[in-house]
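Okay, here's what each chain looks like letter by letter:
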There are 2 protein chains.
Amino acid sequence: MSLRLELINTGTELLLGKTLNTHLGFIADSLFPLGIRIARQLCVPDGAVIGEALRETFGRADVVLVTGGLGPTSDDITRELVAELLGRPLHRNEAIVAGLQAFFAKRGRPLQPENLRQADVPEGAEVLENPFGTAPGLYVPGTADTPHIFLLPGPPRELRPMIPADVLPRLRAILGDSGAVPETMRQVRLFGVGESEVANRLEAGLAALAGLEYGYCARPGEVELRFIGSESALDAAVALAKSTFPVELFAEEDISLSQAVVALLAERNQTLASAESCTGGLIASRITDVSGSSVVFHRGIVSYANEAKVELLGVRAEDLAEFGAVSEPVARQMAEGALWRANADHAVAVTGIAGPTGGSGEKPVGTVFLGLASARGSTVVEKHFYPTDRLTFKSMIALRAIDLVRRRLMGHV
Amino acid sequence: MSLRLELINTGTELLLGKTLNTHLGFIADSLFPLGIRIARQLCVPDGAVIGEALRETFGRADVVLVTGGLGPTSDDITRELVAELLGRPLHRNEAIVAGLQAFFAKRGRPLQPENLRQADVPEGAEVLENPFGTAPGLYVPGTADTPHIFLLPGPPRELRPMIPADVLPRLRAILGDSGAVPETMRQVRLFGVGESEVANRLEAGLAALAGLEYGYCARPGEVELRFIGSESALDAAVALAKSTFPVELFAEEDISLSQAVVALLAERNQTLASAESCTGGLIASRITDVSGSSVVFHRGIVSYANEAKVELLGVRAEDLAEFGAVSEPVARQMAEGALWRANADHAVAVTGIAGPTGGSGEKPVGTVFLGLASARGSTVVEKHFYPTDRLTFKSMIALRAIDLVRRRLMGHV
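Residues numbered from 1 in each chain as written. Chains lettered and ligands numbered in written order. Predicted model: local features only at pLDDT ≥ 70, side-chain atom pairs only at ≥ 80, totals over all residues. Heavy atoms only, no water.

1. Things to note about the overall build of chain A
Right, so step 1: Of the regular secondary structure elements, chain A holds 14 helices and 17 strands.
Right, so step 2: For chain A, the spread of C-alpha atoms along the principal axes amounts to about 80 × 60 × 45 Å.
Right, so step 3: Put simply, chain A has 413 residues, and 56% of those count as buried.
Right, so step 4: As displayed, chain A has an accessible area near 16000 Å², and 53% of this comes from carbon and sulfur atoms.
Right, so step 5: Across chain A, 39 positive and 49 negative side-chain charges occur, with their mean positions spaced 4 Å apart. (Helix = DSSP H or I, 4+ residues; strand = E, 2+ residues; numbered from the N terminus. Buried < 20%, exposed > 50% of the residue type's maximum accessible area, 1.4 Å probe, protein only. Areas by Shrake-Rupley, 256 points an atom, 1.4 Å probe, with all protein chains shown as cover. Lys, Arg positive; Asp, Glu negative; His and termini not counted. Charge placed at Lys NZ, Arg CZ, Asp CG, Glu CD.)

In structure tokens form, the structure reads like this:
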């Protein structure tokens, strides 16, 4: 039997529609390997209503996760509401006070008196350390009358690390009491193929594997396949995915496309340079998101204007005039110019129309050319058409460019 | 007094984290001009629990919007649950049947018997036409005991057109009956000051303003202050925020820091260039996220390796050797080199240690120098220390660099 878990997201900004609630998806994904599904998710504004929402779960939920309302401002009162609801006094925790003092001292900022409220802990609660902010999380173990309650910070960068570090181990322990056995899980990641095509080509084969549960998770450009089951079923499922998508499968672990490419370059002792127009630096930024990328990535050029393409990459002004900046010859010259000037092993180039303006009948918004030049190997240029909003376009095309590098390193182009 | 509106999103896929719930944001935004805020948003799986969730709102909500569960499959039972809950019989609506027949005929697909359930309407409900799918929406007017209930389809492309076409006019009519006056909202955005300091310095003044509601929303590096209330209270609140944070306040509207900087540059007919080391292209990417940025941003250099700093920006190799890449002289030369070579009005440069490796006792991870050079005005270099994880560091420092440009354009540095 699984646990009945409810999620309460607090925050007026979520209900005002200013901030997209990404907690639900992240937490649902994290709980998946434990076989726990979220039974209800509620979003309420900051303030006293948080207490009411929590009380409603008593007698119905085994575990309640509450996000938000742990900050230092006057509308952050989750701590106080929970203490009142459970009839437990708040005690100031001196270890948290010391941590707050160190946090502010390190940053050369004064500790505000309001921040000290963040050191108040309901009696019997465990403190969950927050390395990325001033608000620690709290875990109040359940009783006969009340569920296990986790109070977690609202900002995603503070909340997310706490889920694997603090919440999942405690949920495993709670499940352990109830006799549930965690299953094993594997994953594969694919780039450049849609979720429906993945489903269409794998569904029958996966369904035939006894003792296998599987799920899909689609992110822009990427499909993650998760398998849960016995070792032999997992091996068979991964083998099937690999043989069905030999080009598209880029990882069998929880790594990004950029991490996969940096690892491939590092293995081969090779370097990459970038020359970007419409992606505006995002390819370089994605590559340099990877720790250790400085070994394989030495420089990038953002040649947004035509003049910059000529001066920084040696693109021929005549070709810009004849074919336009968004064209096969310009993508090719950008890649080859970047390769030669950086003295790199590979150079990737992008030129396209991100929109919403700048499109034409012949070259509508969403038209893009990707170029890849290598010290050994011929230059390739791919044309893509991806009409969407500006930020999605940039993000998607940066990934496609990085995937082009991966396909070259794997010998597919 | 405004209406108390609650939103119930139904759909197992939402709770599995497979599908991001974008209904909340869209509906909240749509309701905003009417002064209606969403008091609660609940997400429940498909099935009987939808009825329970709806019953909970009775006596508490004036209006309830329910999304999803109107489809033809066996787990789509919102219609039936509502009819049962309200004690109203379902009548098959012949106009809907005719519409379904036409819909399927147009697509050359046979009308399935299951689809006919979509023509069932609880007594007294109004049908809301769905031009993009087979499931019509339904509106059940409120009574003394029950709220106004809107049943709306789950797929965003079917739901979204119904909000302005069918829901908002009815909400206006309901508001008209209750004599409610829509509230107004304003916001200001601050960069470079923490949420607790904003609260500390504004709280007393804001609390003293009659008829003002306010809230904070902190994002990395940024605090958004939202005010709701009468025109005069809003004016006073915004004036207070401006006088308290004359440097930090960068917008009085819903725009990003990058949008604010691109707008300031465009107003002045000036251009910006970038020279990035540890941010790896993220400054350029953030700037080029803004539509129209090509007018003010022509090029950027990602000089990750020392050699690239020398070759592409003219940094002196002796200074790199003597002071190290992360130093005041190098940040200065990067900015001035980028300015001169790009022939721009301003150039911003960043060099620092993103970590997790590469730190030293003298220059620990998180050390960073920001440089800004301008065609008119002296070069400034700021040293910051921001020890955190690599991605947060990149994101935060890119914003700080963009804010340095803003502060120069505003005459603060």
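2. Points about the side chain of Arg226(A)
Right, so step 1: Considering the arrangement of structural elements, one finds Arg226(A) in strand S11 (residues 222-229).
Right, so step 2: Separated by 2.9 Å, the side chains of Arg226(A) and Asp29(A) make a polar contact. (Polar contact = N/O pair within 3.5 Å; in protein donor to acceptor, adjacent residues only side chain to side chain.)

3. Comments concerning the interface of chain A and chain B
Right, so step 1: Facing 75 residues of chain A, the contacting portion of chain B comprises 79 residues.
Right, so step 2: Counting every contact that joins chain A to chain B gives 8 salt bridges.
Right, so step 3: The shortest N-O distance in the salt bridge between Glu311(A) and Arg299(B) comes to 2.8 Å.
Right, so step 4: Linking chain A to chain B there are 31 residue pairs in polar contact (both at pLDDT 80 or more).
Right, so step 5: Of the residues that constitute the side of chain A that touches chain B, the class distribution is 29 nonpolar, 24 polar and 22 charged.
Right, so step 6: Strand direction decides the pairing type here: strand S14 (residues 297-303) of chain A and strand S14 (residues 297-303) of chain B, joined by 5 bridges, are antiparallel. Of the residues in S14(B), the one forming a bridge with Gly300(A) is Val302(B). (Contact = heavy atoms within 4.5 Å. Salt bridge = Lys/Arg side-chain N within 4 Å of Asp/Glu carboxyl O. Nonpolar A, V, L, I, M, F, W, Y, C, P; charged D, E, K, R; others polar. Pairing = 2+ DSSP bridges.)

4. Considerations on the packing of helix H7 (residues 195-207) of chain B against helix H8 (residues 231-244) of chain B
Residues and elements named next belong to chain B.
Right, so step 1: Direction vectors running N to C along H7 and H8 enclose 155°, while the axes themselves pass 10 Å from each other. Regarding the angle of H7 to H8, the classification is roughly antiparallel. Our pair here, H7 against H8, has a crossing hand that is right-handed. Taking contact as the criterion, the partners of Arg 201, Leu 202, Gly 205 and Leu 206 in H7 are, on H8, Ala 237, Leu 240, Ala 241 and Thr 244.
Right, so step 2: In terms of residue class, the contact of H7 with H8 is built from 5 nonpolar, 2 polar and 1 charged. (Axes fitted to C-alpha atoms, helices over the stretch in contact; angles between N-to-C directions. Parallel < 35°, antiparallel > 145°, perpendicular 65-115°, else oblique. Left-handed = near helix turned anticlockwise from the far one by under 90°.)

5. Description of the sheet that holds strand S17 (residues 380-385) of chain A
Right, so step 1: Here we have 10 strands laid out as an open sheet, ordered S17(A)-S16(A)-S15(A)-S13(A)-S14(A)-S14(B)-S13(B)-S15(B)-S16(B)-S17(B), and mixed in their pairing. Every other strand in the sheet has two partners, leaving S17 of chain A together with strand S17 (380-385) of chain B as the edge strands with one partner each. Neighbour-to-neighbour, the strand axes of this sheet turn through a mean angle of 15°, independent of strand direction.
Right, so step 2: Across 6 bridges, strand S16 (residues 367-374) of chain A lies against S17(A) in antiparallel orientation. Looking across to S17(A), one finds that Gly371(A) is bridged to Val381(A).
Right, so step 3: Set on the sheet, helix H11 (residues 306-313) of chain B makes contact with S14 of chain A together with strand S13 (272-276), S14 and strand S15 (346-352) of chain B; between it and S14(A) the angle comes to about 30°.

6. A closer look at the pattern of salt bridges
Right, so step 1: Taken as a whole and assessed by the stated rule, the structure comprises 48 salt bridges over all chains.
Right, so step 2: Across the pair Asp289(A) and Lys394(B) runs a salt bridge, and its minimum N-O distance is 2.6 Å. Residue Asp289(A) is found in the loop between helix H10 (282-288) and S14, and its partner Lys394(B) is found in helix H14 (residues 390-409); the two belong to separate chains.
Right, so step 3: By relative accessible area, which is 0% here, Lys394(B) ends up buried.
Right, so step 4: For Arg316(B), the salt bridge is made with Glu318(B), and the minimal N-O distance between the two is 3.5 Å.
Right, so step 5: On the basis of relative accessible area, Glu318(B) is assigned to the partly exposed category, the value being 46%.
Right, so step 6: Each of the salt bridges in this network shares a partner with another, and the network as a whole consists of Arg4(A), Glu6(A), Arg40(A), Arg60(A) and Glu56(B).

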